[in-house]
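# Results of the structural survey
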Amino acid sequence: MNVLVCGGAGYIGSNMTAMLAGAGHKPVVFDNLSKGHKEAVKGQELITGDLADFDLLVKVLKEKKIDAAMHFAAFIEVGESVEKPLDYYRNNVCNTLILLAAMEQTGVKKFVFSSSAAVYGMPKSVPITEDLPKEPINPYGETKLAVERMCHFQSQTGKLNYAALRYFNACGAGGNGTLGEDHKPESHLIPLVIAAAMGKRPDIKIYGTDYPTPDGTCIRDYIHIEDLCSAHLLALEKLENKSELVFNLGNGKGYSVRQVIETVKKVSGKSFKVTEVARRLGDPPVLTADASKAIKELGWKVKYPALEKIVETAWLWHSKNPDGYGK
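Here's what I pulled together on the structure shown here. These figures come from a predicted structure and were not determined experimentally.

Basis of the calculations
- Residues numbered from 1 in each chain as written.
- Predicted model: local features only at pLDDT ≥ 70, side-chain atom pairs only at ≥ 80, totals over all residues.
- Heavy atoms only, no water.
- Helix = DSSP H or I, 4+ residues; strand = E, 2+ residues; numbered from the N terminus.
- Rg over C-alpha atoms; globule rule 2.2 N^0.38 Å.
- Buried < 20%, exposed > 50% of the residue type's maximum accessible area, 1.4 Å probe, protein only.
- Contact = heavy atoms within 4.5 Å.
- Areas by Shrake-Rupley, 256 points an atom, 1.4 Å probe, with all protein chains shown as cover.
- Lys, Arg positive; Asp, Glu negative; His and termini not counted.
- Charge placed at Lys NZ, Arg CZ, Asp CG, Glu CD.
- Pairing = 2+ DSSP bridges.
- Axes fitted to C-alpha atoms, helices over the stretch in contact; angles between N-to-C directions.
- Phe/Tyr/Trp six-rings, centres within 6.5 Å; stacked < 30°, edge-to-face > 60°.
- Parallel < 35°, antiparallel > 145°, perpendicular 65-115°, else oblique.
- Left-handed = near helix turned anticlockwise from the far one by under 90°.
- Nonpolar A, V, L, I, M, F, W, Y, C, P; charged D, E, K, R; others polar.
- Salt bridge = Lys/Arg side-chain N within 4 Å of Asp/Glu carboxyl O.

### Remarks on the overall build of the protein
The helix and strand inventory of the protein stands at ten helices and 13 strands. Relative to the 2.2 N^0.38 estimate, which gives 20 Å for 327 residues, the radius of gyration of the protein is 19 Å and therefore close to what a compact globule would have. Taking the principal axes of its C-alpha atoms as reference, the protein extends roughly 55 × 45 × 40 Å. Per-residue burial for the protein yields a buried fraction of 54% across its 327 residues. Restricting the contact set of the protein to residue pairs at least 6 apart, pairs at least 24 apart contribute 77%. Accessible area of the protein: about 14200 Å², with a carbon and sulfur share of 52%. Positive and negative side-chain charges in the protein, numbering 40 and 38 respectively, have mean positions lying 2 Å apart.

### Comments concerning unusual backbone geometry
The omega torsion across V126 and P127 is 0°, close enough to zero to call that bond cis. The linkage connecting K184 with the following residue, P185, adopts the cis geometry, with an omega of 0°. Along the chain, P185 turns up in the loop between β7 (169-171) and α6 (189-197). Residues other than glycine seldom take positive phi values, yet N176 does so here, at roughly 55°. Within the element layout of this structure, N176 appears in the loop between β7 and α6. The exposure class of N176 is exposed, given its relative accessible area of 73%.

### Some words on the sheet that holds strand β1 (residues 2-6)
Note on sheets: strands pair through backbone hydrogen bonds, and any given pair is parallel or antiparallel. What the seven strands build is an open sheet, ordered β3-β2-β1-β4-β5-β6-β10; its pairing is parallel. Each of the sheet's edge strands pairs with one partner strand only, and the pair in question is β3 (45-48) and β10 (244-249). Going across the sheet, the axis of each strand differs from the next one's by a mean of 20°, ignoring polarity. The sheet contact formed by strand β6 (residues 161-167) and β10 spans six bridges and is parallel. In the strand pairing of β10, R166 is matched with N248.

### As for the packing of aromatic side chains
Overall, the coordinates contain three aromatic pairs when judged by the stated rule. Aromatic side chains F75 and Y88 sit 5.4 Å apart centroid to centroid with 65° between the ring planes, which places their arrangement in the edge-to-face category. Here F75 is found in the loop between β4 (68-71) and α3 (78-83), whereas its partner Y88 is found in helix α4 (residues 85-106), with 13 residues between them in sequence. Considering the side-chain rings of F111 and F113, the 6.3 Å spacing of their centres and the 20° angle between planes classify their relative orientation as stacked. The class for F113 is buried, based on a relative accessible area of 3%.

### Section: the packing of helix α2 (residues 54-63) against α4
The interhelical angle for the contact between α2 and α4, taken along N-to-C directions, is 45°, at an axis separation of 9 Å. One way to sum up the angle between α2 and α4 is to call them oblique. In this structure, the crossing between α2 and α4 has a hand that is right-handed. Facing F54, L57, V58, L61 and K62 of α2, the residues of α4 in contact are I98, L99, A101, A102, M103, Q105 and T106. A class-by-class count of the residues in the contact of α2 with α4 yields nine nonpolar, two polar and one charged.

### Some points on the pattern of salt bridges
Tallied over the full model, the rule gives 18 salt bridges. E45 is paired through a salt bridge with K64; the nearest N and O atoms lie 2.6 Å apart. Highlighted residues: E45 in strand β3 and K64 in the loop between α2 and β4, separated in sequence by 19 residues. What makes K64 partly exposed here is its relative accessible area of 29%. Residues joined by salt bridges that share partners form a network here, namely K26, E45 and K64.

### Comments concerning the environment of R201
Within the secondary structure, R201 sits in the loop between α6 and β8 (204-207). The spacing of R201 and K273 is 72 residues in sequence and 9.3 Å in space, taken between C-alpha atoms. Residue contacts for R201: discarding those within four places in its chain leaves L192, A195 and A196.

### Focus: the packing of helix α1 (residues 11-22) against helix α7 (residues 225-238)
It is at 9 Å that the axes of α1 and α7 come closest, and there the two elements cross at 60°. In terms of axis orientation, α1 runs oblique to α7. Here α1 and α7 pass one another in a crossing that is right-handed. Residue-level contacts link Y11, I12, N15, M16, M19 and L20 of α1 to I225, E226, L228, C229, S230, H232, L233 and L236 of α7. Here the contact of α1 with α7 is built from residues that sort into ten nonpolar, three polar and one charged.

These values are about where atoms sit, not about what they do.
Written out as structure tokens, the structure is:
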């Protein structure tokens with residue numbers, strides 16, 4: 001298949017591009033490079049463009065004979081979404097509408113959407129199943145849910161076959177440690193702890209040590225980037241005869257903030273300062289996925305269930321790329 005990978009120069013998009021190519025598909029990366037890195041997609045076709053450009057999208061979809069689109073071009077910072085909600089609605093919802101309209105005009109039906117566990121908000125129970133109430137507590141989660149609903153109603157017209165994949169915490173480095181995480185600013189725990197281990201940060205902060213968990217710190221579900229991408233590949237194939245797919249993508253096992261810190265110390269062999277501070281508003285004690293639906297219906301298998309193996313891949317990439325891509 002010829003696959004348009006929107007946001008394909010970003011962390012998840014670049015790993016997906018590599019996996020698509022490895023599976024015999026032809027990825028075409030479409031990225032405005034505001035967050036992505038062209039160095040992450042070396043050897044693959046890159047079109048520099050913005051999802052707000054309807055005419056360019058139509059042109060690319062036609063000329064490249066695109067069969068399916070994957071969408072990784074959302075803004076992803078929860079805190080920023082609270083400060084700049086209109087930016088998030090414009091980029092995450094309006095621009096996705098433009099992409100879907102261009103797909104409709106050119107007859108491209110298959111669409112794999114990068115959604116998020118943020119659609120659940122503060123879940124009523126864990127592990128989280130797909131049928132739990134969707135009650136986002138921030139604009140980021142709201143925009144992801146809005147796109148899911150838009151896809152649902154478009155699929156009802158017969159013009160769209162889509163998969164909405166709700167991620168938990170994507171992490172690690174793919175491509176044998178060659179495709180890593182380089183966000184600016186960085187907000188994800190594992191790269192932040194690694195930065196502290198490398199001496200690039202004065203400390204790592206633990207926000208809250210009095211949660212009702214075994215060690216008092218928050219527990220999250222960490223899913224390796226290659227496991228995440230392999231589910232996208234399976235979902236893409238399933239869209240040949242399915243109009244609507246919705247799956248949680250997580251490890252099914254949670255690790256606490258303290259466990260992540262201790263694992264980075266073990267893998268890196270480095271010691272660093274850990275500072276305990278007050279809880280952040282809106283942090284649930286435990287967020288873990290029930291991914292049994294994806295396992296059963298897609299035949300998905302997690303290759304990296306162990307936190308240590310995940311951290312090893314991340315440490316390898318950051319060690320080789322201390323300043324990120326292109327440095």
